[in-house]
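Chain by chain, the residues:
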Amino acid sequence: MTRPPRTLVLPPRLTASARTLRAAALRRGLRTVEATASAVPEGLGGPGWAALPGLPVLPWPTASTAGTGSTGRAASTGGTEGTPSAEGTDSTGGTPYAGGTDSTPSGGGTHRAEGEGHAVHLHAGPSFADVVAPALGIALLEAPADWLARLPRALTRREIRAMPIDEAYRLRRPAFVKSPNDKSVSALVYADGSRLPGPDAVDPATVVLVSDVMTFAVEYRLHVLDGAVHAAGQYAESGRLRLGSADGDALTFGREVLTAAGETLPSAIVVDVGRDDEGRWAVIEANAAWASGCYSADADRALDTVLRSAGPVTELSPHDRGFVR
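Residues numbered from 1 in each chain as written. Predicted model: local features only at pLDDT ≥ 70, side-chain atom pairs only at ≥ 80, totals over all residues. Heavy atoms only, no water.

## Side note on the pattern of salt bridges
Point 1. Under the definition given, this model contains 15 salt bridges.
Point 2. Among the salt bridges present, the one from Asp 304 reaches Arg 28, with a minimum N-O distance of 2.8 Å. In this pair, Asp 304 sits in helix α8 (residues 299-309) while Arg 28 sits in helix α1 (residues 16-28), placing the two residues 276 residues apart along the sequence.
Point 3. Relative accessible area serves as the criterion here: at 23%, Asp 304 is assigned to the partly exposed category.
Point 4. A salt bridge links Lys 178 to Glu 285; the nearest nitrogen and oxygen atoms lie 2.1 Å apart. With a gap of 107 residues between them, Lys 178 in strand β7 (residues 175-178) and Glu 285 in strand β14 (residues 281-287) connect regions that are remote in the sequence.
Point 5. With relative accessibility at 5%, the residue Lys 178 sits in the buried group.
Point 6. Connected through salt bridges with shared partners, the residues Asp 130, Glu 142 and Arg 325 form a single ionic network. (Salt bridge = Lys/Arg side-chain N within 4 Å of Asp/Glu carboxyl O. Helix = DSSP H or I, 4+ residues; strand = E, 2+ residues; numbered from the N terminus. Buried < 20%, exposed > 50% of the residue type's maximum accessible area, 1.4 Å probe, protein only.)

Laid out in structure tokens, this is it:
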């Protein structure tokens, strides 16, 4: 019996990267299911995704539960600790809607998820993914919250600490502060701890990464699969979006990082690295591949990392079980 095609679930308001990955998925023969604001595809609609072929029923995310899909890199100040752009690391955006579009590649078809081993994957921001993934049996892989803080100084070139935001309120100097794996605390340079979101907006126990301010001349995204750089590309220069290929030095540094710390990451992840004006290379951050834009990297190879990073719980390796969100 022919095995049904894998399905890639996408939320609304796709970025250019998400559209590129969707095209790569369709070329590969995957089926894509995309939520939209105006159309209700077969079996997909609010308040539940009822009887969508190949997908189980799940509650439809509301504005209060889903919020704005986003991930990894948030806004920052030009070239400092990662660069904002039209895409950032955000594969999708916006609040989920009550409809969607089902795209099935030629030769595909519709299949039931139950009893047929239909594999469902996800490419979305964390707010959307947190609602949808559990109901679809998808395991979301991400780096440990303190991964960046535990790297040796030789790889970060700056002091980085993981701490509750309640402790960060006591900062009396400028620092770059961000949430490790989502956007609950925007990634910005804050003049001091008093400028951080207050306890009325953020749980005081929320862990944040606090680092020295470092400005990068050029930044690259490395799509990591099984401990090796699987795809890569430049995404910023001097604090502005600038796409290009990854140069040899970026790939060499990426291999050094993975040799030193690859075992402390899931099998599929995105690692951003950069070079400052003095020529020093440093790790910027690690992001969930399922929520990261591919920028100028090879889309087919970037898709490999996405599928591994957000796939069926039943396909998890023993190593990856420790990195599930």
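## Details of the pairing of strand β13 (residues 268-275)
Point 1. Within β13, 7 of the 8 residues are buried, which leaves it mostly tucked inside the rest of the structure.
Point 2. Across 8 bridges, strand β10 (residues 218-225) lies against β13 in antiparallel orientation. Across the sheet, the residue bridging to Leu 222 is Val 271, located in β13. (Pairing = 2+ DSSP bridges.)

## What about helix α7 (residues 248-261)?
Point 1. For α7, which comprises 14 residues, the first-to-last C-alpha distance of 20 Å matches the rise-based estimate of 20 Å (1.5 Å per residue) to within 8%.
Point 2. Buried within α7 we find Ala 250, Phe 253, Gly 254, Val 257, Leu 258 and Ala 261. For α7, the arc enclosing every buried residue in end-on projection is 140 degrees, short of the 170-degree limit, so these residues lie on one face. Among the exposed residues of α7, those oriented more than 90 degrees off its buried face are Thr 259 and Ala 260.
Point 3. Looking at the buried positions of α7, the neighbouring elements they touch are α4 (147-150), α5 (153-156), β10, β11 (228-237), β13 and β14. (Expected span 1.5 Å × (residues − 1). Arc of directions from axis to C-beta. Contact = heavy atoms within 4.5 Å.)

## Thoughts on the sheet that holds β13
Point 1. Spatial ordering of the open sheet is given by β12-β11-β10-β13-β14, a layout of 5 strands whose pairing is antiparallel. The sheet is open, and its two borders are formed by β12 (240-244) and β14, each paired with just one other strand. Taking the axes of each pair of neighbouring strands and ignoring which way they run, one obtains an average angle of 30 degrees across the sheet.
Point 2. Each of β10, β11, β13 and β14 touches α7; the most contacted strand, β14, lies at about 65 degrees to it.
Point 3. Against the sheet, α8 engages β10, β11 and β13, with an angle of about 60 degrees to β10. (Axes fitted to C-alpha atoms, helices over the stretch in contact; angles between N-to-C directions.)

## Examining the nonpolar core
Point 1. Trp 147, Leu 265, Val 271 and Val 283 are the most contacted members of the largest nonpolar core, which totals 25 residues.
Point 2. Looking at this core, the elements that each hand over two or more residues are α4, β10, α7, β13 and β14.
Point 3. With 5 residues, α7 is the largest single contributor of residues to this core.
Point 4. Counting 15 residues, the second-largest nonpolar core is a separate cluster that includes Val 9, Leu 122, Val 132 and Leu 140. (Core = buried A, V, L, I, M, F, W, Y, C linked by side-chain atoms within 4.5 Å.)

## Comments concerning the sheet that holds β7
Point 1. As summarised here, the arrangement of the 4 strands in space is β6-β9-β7-β8, forming an open sheet in which the pairing is antiparallel. The sheet is open, and its two borders are formed by β6 (160-164) and β8 (188-190), each paired with just one other strand. Pairs of neighbouring strands in the sheet enclose a mean axial angle of 35 degrees, with direction left out of account.
Point 2. Direction of pairing for β7 relative to β8: antiparallel, over a ladder of 3 bridges. Bridged to Val 177 within β8 is Leu 188.

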